[in-house]
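Structural overview for review
So the chains spell out like this:
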Amino acid sequence: MQDKFEEIRQKALSDISKTDTMRSLLEIKAAYVGKNGSIRALLRGMKDIPADERAAFGKIVNDLNDQVTALFEDKEAILKEKELNEKYKSQAVDITLPGKKPQSGSLHPLNIVKNEILNAFIGMGFEIFEGPEIESDYYCFQALNIPKDHPARDMQDTFYFTDNILLRTHTSPGQVRTMEIKKPPIKILSPGRVYRADDDASHSPMFHQIEGLVVDKGISLCDLKGLLDEFVQTVFDDDTKTRFRPSYFPFTEPSVEVDVTCCKCHGEGCSLCKGTGWIEILGAGIVNKKVLEMSGIDSEKYSGLAFGLGIERVAMIKFGIPNIRTLFESNLKFLRQFNRR
Ligand code: PHE
């Protein structure tokens, strides 16, 4: 009998040592100490043992049961620890890896420049008035002293829906629309998209302008100069200067083309300003009396100044962008340069 017990113990030991998963260990455990296991079978055989030997037999079987159970428990503890270690290993986080940075959006360079320009003028008391992009021939041309067949229309060829309805070529109709509904003093900005049949490195069929209009008693070119100096020193550097060159627009008289000192070389001459030290930035002038009268403003009593600038042009000068198309391509590599946060 003793031999049989020792055999079971040895067999259990060898089975346990061969097992290296919890699942198979539990299966083997059931085969020894489970309800139908071999050790329980020995206990069931007690009835065949002579009565006086039963107690001793029972004790030996119980000891065997305890020993084998202890062997299983030791191995269980070892396997549990092994499985836990494997789990930790497979789920380990490498804290030396670089973190994932959330991408933040930023304003488009055109919006950055537009906001800067608007804020510069809002600081001087201007209000915003936006007109429609689809305009009538009257507001876009006639009311601005550009009658039908006037040669100045060629400068601003555009897209027509009908003979009289077109995509506006400039934001100047905003002047007329404002003067029709507002009495002087008037001090407005009219920003928005404009359209022209134009397409090269510095022109796009769609671009953005900001129109400015001031109408009051005694407005002169001096007011224009003061306003524009303040504006260019806010958007470019503090030492930026402006200069007026005589020009022609049917809706202003006199008309000027306004240059600023080059923001790259500060007037010394470089590739950006083509060696002149100056860069043309906008068109402006004193509102033509005919335009004031057509919009119902007494030109004897009031005078006005107006200016119109291209936002793309200001952005290209300010950021040194050589081709206007870059501004419309949605290229993230380009746009991320303007993320200032
Ligand atoms: N509307 C003109 C243009 O688009 C600019 C301008 C506006 C000139 C106001 C004078 C006064 O070229």
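The text that follows walks through the structure, step by step, so that each part is easy to find.

Rules used in this analysis
Sequence order sets the numbering: in each chain, residues are counted from 1 along the sequence as written. In view of the model being predicted, local features appear only for residues whose pLDDT reaches at least 70, and side-chain atom pairs are presented and counted only at 80 or more, with totals across whole chains, interfaces and linings using the full set of residues. With hydrogens and water set aside, each side-chain value is computed from the structure's full complement of heavy atoms. Each salt bridge in this description consists of a side-chain nitrogen of Lys or Arg and a carboxyl oxygen of Asp or Glu lying within 4 Å of one another. Strands are runs of DSSP state E lasting at least 2 residues, helices are runs of H or I lasting at least 4, and numbering of each runs from the N terminus. A simple rule labels every residue: compare its accessible area, found with a 1.4 Å probe on the protein chains alone, to the largest value its type can have, and call it buried under 20%, exposed over 50%, or partly exposed in between. In a helix, the anticipated span is given by 1.5 Å times the number of residues less one. Regarding the arc, it is the one traced by the directions from the helix axis to the C-beta atoms. It only takes one pair of heavy atoms within 4.5 Å for two residues to be counted as in contact. For patches, a residue must show more than 30% relative accessible area and have no salt bridge; joins then use 9 Å for like charges and 5 Å for nonpolar side chains, namely Val, Leu, Ile, Met, Phe, Trp and Tyr. What sets the accessible areas is the Shrake-Rupley method with a 1.4 Å probe; for residues, cover comes only from the shown protein chains.

1. As for the pattern of salt bridges
If you walk through the whole model with that rule in mind, you get 13 salt bridges. Among the salt bridges present, the one from Lys11 reaches Asp15, with a minimum N-O distance of 3.3 Å. On the criterion of helical spacing, the pair formed by Lys11 and Asp15 is a turn pair, its members being four residues apart in helix H1 (residues 2-18). Here Asp15 falls in the buried class, since its relative accessible area comes to 16%. The salt bridge involving Arg177 is made with Glu135; its shortest N-O contact spans 2.7 Å. Note that Arg177 is positioned in helix H7 (residues 173-181) and Glu135 in strand E2 (residues 134-136), a separation of 42 residues in sequence. By sharing partners, the salt bridges in this structure join Arg243, Arg245, Asp259 and Glu280 into a single network.

2. A closer look at helix H2 (residues 22-33)
Between the first and last C-alpha of H2 there are 16 Å, a value that for 12 residues agrees with the 16 Å anticipated at 1.5 Å per step. By the burial criterion, the buried members of H2 are Met22, Leu25, Ile28, Tyr32 and Val33. The buried residues of H2 all sit within an arc of 125° when viewed along its axis, so they share a single face. Turned more than 90 degrees away from the buried face of H2 sit Arg23 and Glu27, all of them exposed. Along its buried surface, H2 packs onto H1, helix H3 (38-44) and helix H4 (51-90).

3. Structural notes on a nonpolar patch on the surface
On the surface, Ile134, Phe161 and Ile165 cluster together into a nonpolar patch covering about 280 Å² of accessible area. Tracing the backbone shows Ile165 in strand E3 (residues 165-167).

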